[in-house]
Amino acid sequence: MTKLFLSQAQLEEWALADKADLREGRLVVSADGGSDWPLTPAVHVVQLVSGEDTHQLVSRVKTEEQLGRLGAEQMADSILVGDSAYEVVPGYVTEVGAPSPERKPNSETDLLAAFILNKMG
């Protein structure tokens, strides 16, 4: 299993194209009867806006739970940790299995998983 970050914007794009949707905390792929994967709310920390990166958050993905343990406050596309402010991309973390190398992807679910892995790789 590979952990992937999916931005809220990407999920909205997939929903508009009827490829996938977010339902009850799960990523539901429209093909093959609605295969699904659990999603956990998270952010991708893009850059430090002010202060010092004492927690080394830049270029990292953190779940809401992890941010809570740091005492971070999230406001739309930014977080505050103490005196430091960061720009973030809201989204979700999920675990996706890659299609087996010895078999061809034969469903939209396999193709979507391969697409995600290729985009993130």
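Residues numbered from 1 in each chain as written. Predicted model: local features only at pLDDT ≥ 70, side-chain atom pairs only at ≥ 80, totals over all residues. Heavy atoms only, no water.

A.B. asks: So what exactly am I meant to see when it comes to the overall build of the protein here?
C.D. replies: A tally of helices and strands in the protein yields three helices and eight strands. Put simply, the protein runs from its N terminus to its C terminus through helices and strands in the order β-α-β-β-β-β-α-β-β-β-α. A total of 121 residues make up the protein; the buried ones form 33% of that total. Surface summary for the protein: the accessible area is close to 7,500 Å², and the carbon and sulfur share equals 48%. (Helix = DSSP H or I, 4+ residues; strand = E, 2+ residues; numbered from the N terminus. Buried < 20%, exposed > 50% of the residue type's maximum accessible area, 1.4 Å probe, protein only. Areas by Shrake-Rupley, 256 points an atom, 1.4 Å probe, with all protein chains shown as cover.)

A.B. asks: How should unusual backbone geometry be read in this particular structure?
C.D. replies: One can expect most non-glycine residues to show negative phi and most peptide bonds to be in trans. Located in the positive-phi region is Gln 56, a residue other than glycine, with phi close to 50°. Its location among the elements puts Gln 56 in the loop between β4 (36-50) and β5 (61-63). Even without glycine at this site, Ser 59 takes up a positive phi of about 70°. Inspection of the secondary structure puts Ser 59 in the loop between β4 and β5.

A.B. asks: Looking at this structure, how should I read the pairing of β4?
C.D. replies: Note that strand β3 (residues 26-29) and β4 share three bridges and pair antiparallel. Residue pairing in the sheet places Val 28 in a bridge with Asp 36 of β4. Pairing of β4 with strand β8 (residues 84-96) involves ten bridges; the strand directions are antiparallel. In the strand pairing of β8, Thr 40 is matched with Val 93. By the bridge criterion, three bridges tie β4 to β5 in an arrangement that is antiparallel. Residue pairing for β5: Val 43 is matched across the bridge by Lys 62. (Pairing = 2+ DSSP bridges.)

A.B. asks: Any chance you could explain the confidence of the model for the protein here in plain terms?
C.D. replies: Regions with low pLDDT carry predicted coordinates that are not meant to be interpreted in detail. On average, the protein scores 83 in pLDDT, and the residues at 70 or more come to 75%. For the protein, per-element mean pLDDT is lowest for helix α3 (residues 108-120), which scores 58, and highest for strand β7 (residues 78-81), which scores 97. pLDDT under 50 marks residues 99-105. Its contacts with residues more than four places away, or in other chains, come to seven contacts. (pLDDT = per-residue confidence, 0-100. Contact = heavy atoms within 4.5 Å.)

A.B. asks: Help me out: how do you make sense of the pattern of salt bridges in this one?
C.D. replies: Inspection of every chain in the model, using the stated rule, returns three salt bridges. Between Arg 23 and Asp 21 there is a salt bridge, with the nearest N and O atoms lying 3.7 Å from each other. On the basis of relative accessible area, Arg 23 is assigned to the partly exposed category, the value being 44%. A salt bridge links Glu 65 to Arg 69, with the shortest nitrogen-to-oxygen separation between them at 2.8 Å. In this pair, Glu 65 and Arg 69 are both assigned in helix α2 (residues 64-70), four residues apart and thus about one turn of the helix distant. Neither residue differs from the other here; Glu 65 and Arg 69 are each classed as exposed. (Salt bridge = Lys/Arg side-chain N within 4 Å of Asp/Glu carboxyl O.)

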